Amino acid sequence: MSRWVRDQLAARSRAQVVGVQSRACHLGLDADALVILSAPGVPLSPNGVAVDVAPTVTMTEAGFRAGQTVTLSSHGPGEAGADWRVVLDGAAIWEPRPVLRRVALGLIEDRLRQIRLAVRAHGASESLLPLLWPAAAAPGTLPAALIRLASVPARLLGEAAIRGDAESVAGAAAGLAGLGPGLTPSGDDLLAGFAAAWTLIGESLGLDGAGGREVASALVSGARAGASAVGRAWLGHAVRGELAEPLRRFADALFAVDARDLEPALRAVLGVGASSGTDWAVGFFLGADAALGAVRRAPS
Amino acid sequence: MTLAGRVRPDTFVDSVCLMQATERVRALPGVRAAALVMATDLNRRLLAEAGLLTSEAGRAGPTDLIIAVSAESAEAADAAVGRAEALLAGRRGEGGPLRSEAPRSIVAAARGLPGANLALVSVPGAYAAAEAHQALSAGLSVFLFSDGVALADEVQLKRRAQARGLLVMGPECGTALIDGVGLGFANRVRRGPVGLVAASGTGLQEVACLIHRLGGGVSQGIGTGGRDLCEAVGGLSTLQALAWLGRDAGTRVIGLVAKAPSGAVAQRVLDAARASGKPVVAYLAGWPGPAPAGVLRVETLEAAAQALVRALGGPAASLGGARGLRPRRRRAGRALGLYTGGTLCDEARAIFRDGLGDSAITETAGLGGFAMAAAPAIVQFVGGTAAEAIGHTRRMYEITLAESGAYRLPPLDFRGTPTGIDLRLVLQTGILPQINTGIAHRLAGIGQIGAGLVTPPLQCFEAAGLALAAALERAATAGAP
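Since we're looking at a predicted model, the values are computed, not measured.

## Section: the packing of helix α3 (residues 105-122) of chain A against helix α11 (residues 276-297) of chain A
Residues and elements named next belong to chain A.
At step 1: At a minimum axis distance of 11 Å, the contact between α3 and α11 shows a crossing angle of 155 degrees. Here α3 lies roughly antiparallel to α11, going by the angle between them. Seen from above, α3 lies across α11 with left-handed handedness. Within the contact between the two elements, α3 uses L105, I108, E109, L112, I115, R116 and V119 and α11 uses A281, F284, F285, A288, D289, L292, V295 and R296.
At step 2: Across the contact of α3 with α11, the residue classes break down as 11 nonpolar, no polar and four charged.

## So, the layout of surface pockets
At step 1: Taken as a whole, the second largest pocket encloses approximately 630 Å³ of empty space.
At step 2: Together, 33 residues line the second largest pocket, and A:M1, A:A50, A:A91, A:A92 and B:H133 are the ones closest to its centre.
At step 3: For the lining of the second largest pocket, the elements supplying multiple residues, two or more each, are β4 (48-50), β6 (84-87) and α9 (245-255) of chain A together with α6 (125-137) and α7 (151-163) of chain B.
At step 4: The biggest single contributor to the lining of the second largest pocket is α6(B), with seven residues.
At step 5: For the lining of the second largest pocket, the class distribution of residues is 17 nonpolar, seven polar and nine charged.

## Some points on the sheet that holds strand β2 (residues 31-38) of chain B
Residue and element names in this part refer to chain B.
At step 1: Pairing is antiparallel in the open sheet, where three strands are placed in the order β1-β3-β2. Edge positions in the sheet fall to β1 (2-8) and β2, since each of these pairs with one other strand and no more. Mean inter-strand twist for the sheet, computed between neighbouring axes without regard to direction, equals 10 degrees.
At step 2: On top of the sheet, helix α2 (residues 41-49) reaches β2 and β3 (65-71); it is set at about 170 degrees to β2, its chief contact.

## Some details on the sheet that holds strand β1 (residues 14-20) of chain A
All names here are of chain A.
At step 1: Spatially, β4-β3-β2-β1-β5-β6 is the arrangement adopted by the six strands of the open sheet, whose pairing is mixed. Two strands close off the open sheet at either side, each with one partner strand: β4 and β6. Neighbour-to-neighbour, the strand axes of the sheet open up by a mean angle of 35 degrees, direction not taken into account.

## Description of the packing of aromatic side chains
At step 1: One pass over the structure, following the stated rule, counts six aromatic pairs over all chains.
At step 2: Here the aromatic rings of A:F250 and A:F284 are separated by 5.1 Å at their centres, their planes lie at 80 degrees, and the arrangement is edge-to-face. Here A:F250, found in helix α9, pairs with A:F284, found in helix α11; they are 34 residues apart in sequence, far enough to count as distant.
At step 3: Since its relative accessible area comes to 1%, A:F250 is described here as buried.
At step 4: In textbook terms, an aromatic cluster arises when at least three aromatic residues are bridged by ring pairs, as seen for A:F250, A:W280 and A:F284.
At step 5: Sitting above the plane of the B:Y397 ring, B:R415 keeps its charged end 3.4 Å from the centroid.

## A few points about empty space enclosed by the protein
At step 1: Overall, the coordinates contain three cavities of 30 Å³ or more when judged by the stated rule.
At step 2: A volume near 40 Å³ is recorded for the largest cavity.
At step 3: Lining the largest cavity we find A:E126, A:L142, A:P143, A:L146, A:P181 and B:L46.
At step 4: For the lining of the largest cavity, the leading source of residues is helix α4 (residues 142-163) of chain A, giving three residues.
At step 5: The class makeup of the residues in the lining of the largest cavity is five nonpolar, no polar and one charged.
At step 6: Volume-wise, the second largest cavity comes out at about 40 Å³.
At step 7: Lining the second largest cavity are A:L183, A:S228, A:A229, A:V230, B:F12, B:M38, B:P62 and B:T63.
At step 8: Class assignment of the residues belonging to the lining of the second largest cavity gives a composition of six nonpolar, two polar and no charged.

## Considerations on the pairing of strand β4 (residues 118-121) of chain B
All names here are of chain B.
At step 1: Side chains A119 and V121 of β4 all project onto a buried face; the interleaved residues L118 and L120 project onto a face where none is buried.
At step 2: In the sheet, β4 pairs with strand β5 (residues 141-144) via four bridges, with the strands oriented parallel. Residue pairing in the sheet places L120 in a bridge with F143 of β5.
At step 3: For the handedness criterion, the β-α-β arrangement of β4, α6 and β5 is classed as right-handed.

## A few points about the side chain of A:Q68
Residues and elements named next belong to chain A.
At step 1: For Q68, the position within the fold is in the loop between α2 (59-62) and β5 (69-73).
At step 2: Of the polar contacts made by the side chain of Q68, one reaches the backbone oxygen of G63; its length is 3.1 Å.
At step 3: Engagement of the side chain of Q68 in a polar contact is seen with the backbone nitrogen of R65, the distance being 2.8 Å.
At step 4: Setting aside residues up to four positions removed in sequence, Q68 forms contacts with A15, Q16, V17, G63, D83 and W84.

## Here's the deal with the pattern of salt bridges
Residue and element names in this part refer to chain A.
At step 1: In total, this model carries 28 salt bridges over all chains according to the counting rule given.
At step 2: For D7, the salt bridge identified is with R3, shortest N-O distance 3.6 Å. One end of the pair, D7, and the other, R3, are both in helix α1 (residues 3-9), four residues apart, so they sit about a helical turn from each other.
At step 3: Using a relative accessible area of 35% as the deciding quantity, one classes D7 as partly exposed.

Thresholds applied
Residues numbered from 1 in each chain as written. Chains lettered and ligands numbered in written order. Predicted model: local features only at pLDDT ≥ 70, side-chain atom pairs only at ≥ 80, totals over all residues. Heavy atoms only, no water. Axes fitted to C-alpha atoms, helices over the stretch in contact; angles between N-to-C directions. Helix = DSSP H or I, 4+ residues; strand = E, 2+ residues; numbered from the N terminus. Parallel < 35°, antiparallel > 145°, perpendicular 65-115°, else oblique. Left-handed = near helix turned anticlockwise from the far one by under 90°. Contact = heavy atoms within 4.5 Å. Nonpolar A, V, L, I, M, F, W, Y, C, P; charged D, E, K, R; others polar. 1 Å grid on protein atoms, 1.4 Å probe; cavity = no way out; pocket = protein on both sides within 12 Å on 5 of 7 lines; lining within 4 Å. Points joined across faces, edges and corners; volume = space filled by probe spheres on them. Pairing = 2+ DSSP bridges. Phe/Tyr/Trp six-rings, centres within 6.5 Å; stacked < 30°, edge-to-face > 60°. Buried < 20%, exposed > 50% of the residue type's maximum accessible area, 1.4 Å probe, protein only. Lys NZ or Arg CZ within 6 Å of the ring centre and 35° of its normal. Right-handed = clockwise from strand over helix to strand, strands pointing away. Polar contact = N/O pair within 3.5 Å; in protein donor to acceptor, adjacent residues only side chain to side chain. Salt bridge = Lys/Arg side-chain N within 4 Å of Asp/Glu carboxyl O.

The analysis is restricted to geometry; functional conclusions fall outside its scope.
Here you go:
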């Protein structure tokens, strides 16, 4: 399970099933804290616990239903009256935050430039990819409407972040949260990618901590009302630099001494979900541009 | 044009399924546009802009899923919505199950290969334990090729595997031979009745190859990981492997290859080896303790292979002297070296401790250690400095008769290399010749396995001094009038 889940369970252990997918199950610890029970083979999330479920059995077949109660505990009998008890004895703890090191601005610029084309080449077509490379979509269609609705807030988001204008950041985030297809709508994925880049690159380049955190907080508060429950949870993790497994590998590779793992890691990101990985990557590039812009703008 | 739709309350369907369902619905006859999206505010606006928002969808909440279809007829629209519902419910006969079947994880691969019982994990160390746990959850034993796995994770994995009747080979398990299948870096060797348990790499490979050359064969070669015999891990995988080989009908004798085991763990493992009920040959590099009855302790990998083949009752075949590792009688004065890793090097180190290679001959000509001032990199092998390299050369002037005019040393103002060891000076000063040595494997073709600094034993100079004195005395006597 992720380190974040372990920390959360120190204070409470009872949750409610809020959604069931074939190989994962969403639990609400409270209004703001979501935990994902994932079956073996599902990449671990920053809020994830991998549980033993037979490979051929779906979560629904295993008996999970929305509204059921679950206790998660390491020892003892667990709370009485719960429908499920997840036993955490012996669970390995996984750190969802990548290993950062201080790097030069030019190095990050070079590495992002190297892999930018890979996003275009391998990214999902029905996604927010045209925000990085304008592409024509048939007018009146859903993809065209998606890009039209997303393009202005995405541009404003980057500009506002560079200026450190928290109010505008929140407004732009509201214009993206909950927008688009997917369990985590494309706009939610983009915001999570933006937040991850802003936090991690900003930190590795020594961007002003208070200003950076203000922008990150504005991202979360702006997206709160419109984002899906899952998207809201992942955005909360992203602003702390906590990422799902393939995304963490990408971030590890970006800051590594040797860049040889970077493109394979990016391709793995692009393989996440239907368009989630691509939307996250688009957000990451936009967030990286903003973080680099803010660093350049900051007094040396 | 007809618009139809449905709202599924509180529905969580993953993105790939949503995309695939959307594509299939869009491909249906008469369908102009279709969308399956979460009912967030912006998505309702999005649907409105695309002309796909129904009145029911307009009232949906963010945890609801909207199915919206625009079609040429009401029938086509209703049929498309029904198909979308069926696809999301996972009904068969709807164009096959959603999701790609190409495995992208160990568990997905296990689903596609019923009866699989082993997973090979080779990912960066930070992720390896999690992948291995997932394999164990799927009922698979694990060949854990990855390194960089924390010791605590290794212990957890092995305990969990043991509780499930599974085995974890590794971490940093480089080789194994399981039912004739080579994993990692494995050698193609004959199958036969010798079962091997070894740390993870060169030791297992070497013994398996030697057994093959001696005419024997290997039933199973089980790697356990280089830390399995440390105190913290307690030999969990080794004990399991020994028990398995004890029960394995295809195994008649067992070879145990290990290096530097913890004392208590070594004893436990040897007891388990004896309890297997089969003849056991044990090579435990760097462990000085005795072996229990029923376990034959050997000192080299070659001896292990020969003993294993002999234990099968066959004639004691020879390796033709190609290997021929034998402890030497005389100890070197000092040997500092960097070895390149693996059981072969542990073995070489144990033997080298008691012997000396032939660099001693070539380097006394005034090259190598005597000229180290000009090539200080060699001291880096043992953590030394350039100043120390110069110091080594300066000391050699104390025990040599001449300086070479052909090879001069820039760091010493082009002074000639010290040349010509004077036995008397060695005995007078106690300074021993400095030798830089490459440590080569004894089998031709394997190459260098280490390098370092060594001095020869003083005893050989003492013996030479006595012999010289005797010779001079004889000469003096013979020449006397």
